[in-house]
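# Commentary on secondary and tertiary structure
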Amino acid sequence: MKNIYTLITGAGRGIGEEIAMEFYKKDHLLYLLIHKKKDLIRLRKLFDPKRVKLFLGDINDKKFRRLISKKIPYINNLINNAATTNKKFFLDVTLKDIDKVLNTNFRSSFILTQIFTKKMIKKKIKGCVVNIGSQLGIIGAYNRSIYCCSKFALEGLTKSSSLDLAKFGIRVVGINPTKTLVSDKEAKNQKKRLKIIRDKIPLKKFSTKKEIAEITYFLTTKSANSITGTSLNVDGGWTVGK
């Protein structure tokens, strides 16, 4: 099998870690971007260092982006997963909040996509970019104003960049999950809140990390070679209508 290199941001925990495990099982060679040292230490025990390179840093840091650009010669797949949230009432959102959420959820994905698709083009690699968005990139929600803005922007990036990159055979796709349980602690400590959310989902179920990871992998395969510029709404029917 020809070596396939996949870069995953926000790979230290939750959905990102699950995506990393899925691609690892499929024998990809991985570059994982991790934000917290404790996650780096834990992940070192899970992966073969000959197949997985771990990078600790902040994707909003120019020096860190320059480092990974220098250390990673090229990739076949880029998974833009890193994200943060903000749950403030609209009038309480600060400029600092705006910068933090937009930089992490949108700007970093834009810049990394530029960096690594340039490498794909230079190497004549018909690669794939997968943007992990949210159902809140296509509908609004209370107390999620800046988060929604960032995910709407990511949806726009998926559509517009796919047009520019199609002539190089590079595909850009997205995944928009509904609420996804990322820890047992959340499921145990927030039962009442989670029931309210689950009752709003037509299928009466949350997305799972495993589902998102498997869909992400599928989108990078030959079976998805005709899919670009669109996002899969993995939302249990939430955004279809009421």
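Before reading further, recall that the structure is shown in the block above.
These numbers were taken from a predicted model, which means no experiment stands behind them.

The rules behind each value
- Residues numbered from 1 in each chain as written.
- Predicted model: local features only at pLDDT ≥ 70, side-chain atom pairs only at ≥ 80, totals over all residues.
- Heavy atoms only, no water.
- Core = buried A, V, L, I, M, F, W, Y, C linked by side-chain atoms within 4.5 Å.
- Buried < 20%, exposed > 50% of the residue type's maximum accessible area, 1.4 Å probe, protein only.
- Helix = DSSP H or I, 4+ residues; strand = E, 2+ residues; numbered from the N terminus.
- Contact = heavy atoms within 4.5 Å.
- Patch = residues over 30% accessible without salt bridge, like charges linked within 9 Å, V, L, I, M, F, W, Y side chains within 5 Å.
- Areas by Shrake-Rupley, 256 points an atom, 1.4 Å probe, with all protein chains shown as cover.
- Salt bridge = Lys/Arg side-chain N within 4 Å of Asp/Glu carboxyl O.
- Disulfide = S-S within 2.5 Å.
- Phe/Tyr/Trp six-rings, centres within 6.5 Å; stacked < 30°, edge-to-face > 60°.
- Pairing = 2+ DSSP bridges.
- Axes fitted to C-alpha atoms, helices over the stretch in contact; angles between N-to-C directions.

With that settled, the discussion passes to the nonpolar core. Among the nonpolar cores identified, the biggest contains 26 residues, and Ile8, Ile19, Leu30, Leu32 and Val130 are the most heavily contacted of them. Breaking this core down by element, the ones donating at least two residues are helix H1 (14-25), strand E2 (29-34), helix H2 (37-44), strand E5 (128-132), strand E6 (171-177) and helix H8 (209-219). Leave out the neighbours within four places in its chain, and Leu32 touches Ile8, Ala11, Ala20, Phe47, Val52, Lys53, Leu54 and Phe55.

Attention shifts here to a nonpolar patch on the surface. Taken together, the side chains of Phe89, Phe90 and Leu91 define a hydrophobic patch exposed on the protein surface, amounting to about 370 Å² of accessible area. Positionally, Phe89 belongs in the loop between strand E4 (77-80) and helix H4 (95-123). On the basis of relative accessible area, Phe89 is assigned to the partly exposed category, the value being 46%.

In this section: the state of the cysteines. On inspection of all chains with the given rule, the structure shows 0 disulfides. This cysteine, Cys149, is not joined by any disulfide, and Cys148 carries the nearest cysteine sulfur, 7.1 Å off.

Let's shift gears to the packing of aromatic side chains. Counted by the stated rule, this structure contains 6 aromatic pairs. Ring geometry for Tyr5 and Tyr31: centres 6.0 Å apart, planes at 15°, overall stacked. Highlighted residues: Tyr5 in strand E1 (residues 5-8) and Tyr31 in strand E2, separated in sequence by 26 residues. Each member of the pair, Tyr5 together with Tyr31, is buried.

Moving on: the sheet that holds E5. Strands belonging to one sheet form pairs held by backbone hydrogen bonds; the direction of such a pair is parallel or antiparallel. In spatial order, the strands read E3-E2-E1-E4-E5-E6-E7; together these 7 strands make up an open sheet with parallel pairing. At either margin of the open sheet sits one strand with a lone partner, and together these are strand E3 (52-56) and strand E7 (231-234). For this sheet, the mean angle separating the axes of adjacent strands, direction not counted, is 15°. Across 3 bridges, E1 lies against E4 in parallel orientation. The residue of E4 that forms the bridge with Ile8 is Ile79. Of the strands in this sheet, E2 and E3 touch H2, which is tilted by about 165° from E3. Packed on one face of the sheet, H4 meets E1, E2, E4 and E5 and runs near 180° to E4.

Phi is positive for Asp27, close to 70°, though the residue is something other than glycine. The residue Asp27 is located in the loop between H1 and E2 in this model. Positive phi is not limited to glycine here, since Asn143 has a value of about 55°. As for its placement among the helices and strands, Asn143 is situated in the loop between E5 and helix H5 (145-165).

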